Amino acid sequence: MISSELIYEAFRRFLVKKSKPRENHSIHVSEVVGCLRKAYYNRKYGDEQLNHLAPTKRVILSLGLSTHLILEEILEELGYKTESTYTLNLGSLKLVGTPDAINPQRNSILEIKTVNKLPEQPLEHHILQLNTYQGILKTIYNSRPPIGHIIYIHKRDGQIKIYTHIFNEQLFNKIIEKARIYHEYITQNQEPPAEPNWLCNYCEWKWRCKP
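Residues numbered from 1 in each chain as written. Predicted model: local features only at pLDDT ≥ 70, side-chain atom pairs only at ≥ 80, totals over all residues. Heavy atoms only, no water.

Engineer: Would you mind showing me how to read the side chain of His-28 here?
Structural biologist: Along the polypeptide, His-28 turns up in strand β1 (residues 26-28). In terms of polar contacts, His-28 uses its side chain to reach the side chain of Thr-98, at 3.3 Å. (Helix = DSSP H or I, 4+ residues; strand = E, 2+ residues; numbered from the N terminus. Polar contact = N/O pair within 3.5 Å; in protein donor to acceptor, adjacent residues only side chain to side chain.)

Engineer: Whenever I open this one, unusual backbone geometry confuses me. Can you help?
Structural biologist: Backbone geometry follows two general trends: most residues other than glycine have a negative phi, and most peptide bonds adopt the trans configuration. A positive phi angle is found at Asn-107, which is not glycine, with a value near 50°. Its place among the elements puts Asn-107 in the loop between β5 (101-103) and β6 (108-115). On the basis of relative accessibility, which here comes to 15%, the residue Asn-107 falls in the buried class. At Asn-142, a residue that is not glycine, the phi angle is positive and equals roughly 50°. Relative to the assigned elements, Asn-142 resides in the loop between α5 (124-141) and β7 (147-154). In this structure Asn-142 comes out as exposed when scored by relative accessible area, which is 73%. (Buried < 20%, exposed > 50% of the residue type's maximum accessible area, 1.4 Å probe, protein only.)

Engineer: Would you explain the packing of helix α3 (residues 36-45) against helix α6 (residues 169-187) in this entry?
Structural biologist: The geometry of a pair of packed helices is captured by two quantities: the angle between their axes and the separation between those axes. Put simply, α3 and α6 touch, their axes get as near as 11 Å, and they point 40° apart. In terms of axis orientation, α3 runs oblique to α6. Where α3 crosses over α6, the two elements pack in a sense that is right-handed. Along its contact with α3, which presents Leu-36, Ala-39, Tyr-40 and Arg-43, the element α6 presents Lys-178, Tyr-182, Tyr-185 and Ile-186. Of the residues belonging to the contact of α3 with α6, the class tally is six nonpolar, no polar and two charged. (Axes fitted to C-alpha atoms, helices over the stretch in contact; angles between N-to-C directions. Parallel < 35°, antiparallel > 145°, perpendicular 65-115°, else oblique. Left-handed = near helix turned anticlockwise from the far one by under 90°. Contact = heavy atoms within 4.5 Å. Nonpolar A, V, L, I, M, F, W, Y, C, P; charged D, E, K, R; others polar.)

Engineer: I would appreciate a short explanation of the environment of Ala-39 in the present structure.
Structural biologist: Following the sequence through the fold, Ala-39 ends up in helix α3. In this structure, the C-alpha to C-alpha distance between Ala-39 and Pro-192, residues 153 residues apart in sequence, is 9.2 Å. Leave out the neighbours within four places in its chain, and Ala-39 touches Glu-31 and Tyr-182.

Engineer: Even after reading the chapter, I still don't get the sheet that holds strand β3 (residues 86-90), so can you show me in this structure?
Structural biologist: Note: strands within a sheet are paired through backbone hydrogen bonds, in either parallel or antiparallel orientation. Pairing is mixed in the open sheet, where three strands are placed in the order β1-β4-β3. Each edge of the open sheet is held by one strand with a lone partner, namely β1 and β3. Ignoring which end each strand starts from, the neighbouring axes of this sheet average 30° apart. The sheet contact formed by β1 and strand β4 (residues 93-97) spans three bridges and is parallel. Across the sheet, the residue bridging to Ile-27 is Leu-95, located in β4. Across the face of the sheet, α6 comes into contact with β1, β3 and β4 while running at roughly 125° to β4. (Pairing = 2+ DSSP bridges.)

Engineer: Is there a simple way to explain the layout of surface pockets in this structure?
Structural biologist: A water-sized probe rolled over the atoms picks out the places where empty space is left. Computed from the structure, the second largest pocket encloses a volume of approximately 190 Å³. Taken together, 13 residues form the lining of the second largest pocket, with Ile-102, Pro-104, Asn-107, Leu-137 and Tyr-141 sitting closest to its centre. Elements supplying a minimum of two residues to the lining of the second largest pocket: β5 and α5. For the lining of the second largest pocket, the element with the most residues is α5, which contributes three residues. The residue inventory of the lining of the second largest pocket, partitioned by class, reads six nonpolar, four polar and three charged. (1 Å grid on protein atoms, 1.4 Å probe; cavity = no way out; pocket = protein on both sides within 12 Å on 5 of 7 lines; lining within 4 Å. Points joined across faces, edges and corners; volume = space filled by probe spheres on them.)

In structure tokens, the structure reads:
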């Protein structure tokens, strides 16, 4: 007999299969563009089998990931490189970024987001993520930063909204400093302060966090 538990388990296995291992001395961009306490909890209390995620969140993350997988093949045919990893050495730590797609010939970088509501403006953490990828590529290749595009895809009606972002050096330096601070918390095994915002409502660690 088919049960909901079986389907939730299938989604969990899908996410685990597609997950990339994280090195202890590396910090991913996605960790430092949001709440550092959440990132710390994921490292300290999360597990590689993703059992810390609620079953419903496994479904949500899987649907978002499946959209990326659908687009990857076509984007590659159009000259984009997808899911390539770039590492910026910052002394005692490495900042790692994995843009959804980049096209060196067009000097273009894409970030794809599936949402329940198309935003009037790009969300702050999405801007910070994209801007950091632009800064990493600029620094690694000592070249002008690529033009960034955030592509929002509405999960319910299929509408698409695209925002263009020009690289901001100040925002990039802000995240570099935040990565250094986060690295100190990790090294000292110390919990970072909470960063309360609307995303707390969707955080898997809200039951543990006491802002």
